[in-house]
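Structural overview for review
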Amino acid sequence: PDSVTTIGAYAFCGCTGLTMVEIPNSVTDIGDDAFISCECLRELIIGSSVTNIGYSAFKDCSSLDSLIIPDSVENIEDEAFLGCYSLKSIVIGSKVKSIGWDVFKDCDSLTNIHVDENNPNYMSIDGNLYSKDGKILIKYAVGKSATTFEIPNGVTSISYGAFRSCRSLISLTIPESVTSIDGCAFSWCTALKYITIPSSIMNIGFEAFASCSSLQYNEKDGLK
């Protein structure tokens, strides 16, 4: 009801029969694990006063297929939507200033991330998530069917888990502007065969290419 201002931690944890939730405009905070493992939740409407989405708030809501994060939201905490396997489309509002670790991990169907053009901290290019200045590639929409991708020139850093579990990419081009590849950036990209690491790279994080079982090295053809 409209009298509610906070949804507490674990409030709807494991409500496996829940298919639709409408959070009223009176609510300002969605607590940690509030809807974790609501595996049949398909429709979610977040009210226009919510400022914080807590840790693992919608983790393993595996039936959720689209998401609109309203302009009021400022913080999306770690793992908020981890394991939302059916999630295809996300709209991020104009005031989001903090997106935590692994927020979209294992969102394997994700094909489009759209950021409001008035957001001062983030932007989207071709359905992928970047910092506003375009220097950090934060998240590639891993559900895309494209087999090749060219990281835009000007990107300097590939974030933690940016391409993790993208199973369609076969070939990837990294420009000379990139200096850092963070941990798990390409882990479980099982179809990835060809990637060239430019000489500008100064740092490759832990497990950056873990379980990339198709990677090849061909010195003659310059593929490495």
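All of these numbers come straight from a predicted model, not from anything done at the bench. Within each chain, residue numbers correspond to sequence positions counted from 1 in written order. Given that this is a predicted model, residues contribute local features only at a pLDDT of at least 70 and side-chain atom pairs are listed and counted only at 80 or more, while totals for whole chains, interfaces and linings are drawn from all residues. Where side-chain values are given, they derive from all heavy atoms of the structure, hydrogens and water being excluded.

Some details on the sheet that holds strand S8 (residues 89–92)
Paired through their backbone hydrogen bonds, the strands of a sheet run either parallel or antiparallel. Defined as follows: Strands qualify as paired when DSSP identifies two bridges or more between them. Helix and strand labels come from DSSP, where a helix needs a run of H or I of at least four residues and a strand needs a run of E of at least two; each type is numbered from the N terminus. Lines fitted to C-alpha atoms define the axes, with helix axes restricted to the stretch in contact, and inter-axis angles between N-to-C directions lie between 0 and 180 degrees.
Here three strands make up an open sheet; going across it, the order is S6-S8-S10 and the pairing parallel. Pairing within the sheet leaves two strands with one partner each, and these edge strands are strand S6 (66–69) and strand S10 (112–115). The average angle at which neighbouring strand axes cross in this sheet is 5 degrees, direction not considered. When S8 meets S10, the two strands line up parallel, connected through four bridges. Paired with Ile92 across the strands is Val115, a residue of S10.

Remarks on the pattern of salt bridges
Heads up, the condition is: One side-chain nitrogen of Lys or Arg within 4 Å of one carboxyl oxygen of Asp or Glu is enough to make a salt bridge. Each residue is placed in one exposure class: buried if its accessible area under a 1.4 Å probe, protein chains only, is under 20% of its type's maximum, exposed if it is over 50%, and partly exposed if it falls in between.
One pass over the full model with this rule turns up four salt bridges. Linking Arg164 and Asp102 is a salt bridge whose minimum nitrogen-to-oxygen distance equals 2.3 Å. In this pair, Arg164 is assigned in the loop between strand S15 (157–158) and strand S16 (171–173) and Asp102 in the loop between strand S9 (98–99) and S10, connecting sequence segments 62 residues apart. Accessibility assignment for this pair places Arg164 and Asp102 in one class, buried. Among the salt bridges present, the one from Asp108 reaches Arg167, with a minimum N-O distance of 3.7 Å. Residue Asp108 is found in the loop between S9 and S10, and its partner Arg167 is found in the loop between S15 and S16; the two are separated by 59 residues along the sequence. Owing to a relative accessible area of 44%, Arg167 belongs among the partly exposed residues under this scheme.

Describing the environment of Ser94
So the rule is basically this: Contacts were defined at the residue level, with two residues in contact if any of their heavy atoms lie within 4.5 Å.
With respect to the helices and strands, Ser94 occurs in the loop between S8 and S9. Judged by relative accessible area, Ser94 falls into the buried class, the value being 14%. Separated by 38 residues in sequence, Ser94 and Lys132 have C-alpha atoms that sit 12 Å apart. Setting aside chain neighbours within four positions, we find Ser94 in contact with Asp71, Asp116, Asn118, Asn119 and Pro120.

With respect to the packing of aromatic side chains
Our working rule: Aromatic pairing here means that ring centres of Phe, Tyr or Trp (its six-membered ring) are within 6.5 Å. Orientation follows from the plane angle: under 30 degrees is stacked, over 60 is edge-to-face, and everything else is tilted.
Counted by the stated rule, this structure contains eleven aromatic pairs. Note on Phe35 and Phe58: the rings are 5.0 Å apart at their centroids and 5 degrees apart in plane angle, and the pair reads as stacked. With Phe35 in the loop between strand S3 (29–30) and strand S4 (43–45) and Phe58 in the loop between strand S5 (52–53) and S6, this residue pair connects regions lying 23 residues apart in the sequence. Assessed through its relative accessible area of 1%, Phe35 is described here as buried. By the ring-pair criterion, three or more aromatic residues cluster together here, those being Phe12, Phe35, Phe58, Phe81 and Phe104.

Brief notes about the nonpolar core
For the record, the criterion: Within this scheme, the nonpolar core is defined by two criteria: the residues are buried Ala, Val, Leu, Ile, Met, Phe, Trp, Tyr or Cys, and they are joined through side-chain atoms within 4.5 Å.
Of all hydrophobic cores here, the largest spans 39 residues; its most connected members are Ile23, Ile30, Phe35, Ile53, Phe58, Ile69 and Phe81. At the level of elements, S6, S8 and S10 are the ones that each hand at least two residues to this core. Contact partners of Ile69, with chain neighbours within four places excluded, come to Ile53, Ile76, Phe81, Ile90, Val91, Ile92, Gly93 and Val96. Core analysis: the next-biggest nonpolar cluster, separate from the first, contains 24 residues, Leu137, Tyr140, Ile151 and Ala185 among them.

Description of the pairing of strand S11 (residues 122–125)
Strand direction decides the pairing type here: S11 and strand S12 (residues 128–131), joined by four bridges, are antiparallel. In the sheet register, Ser124 faces S12, and the bridge partner there is Leu129.

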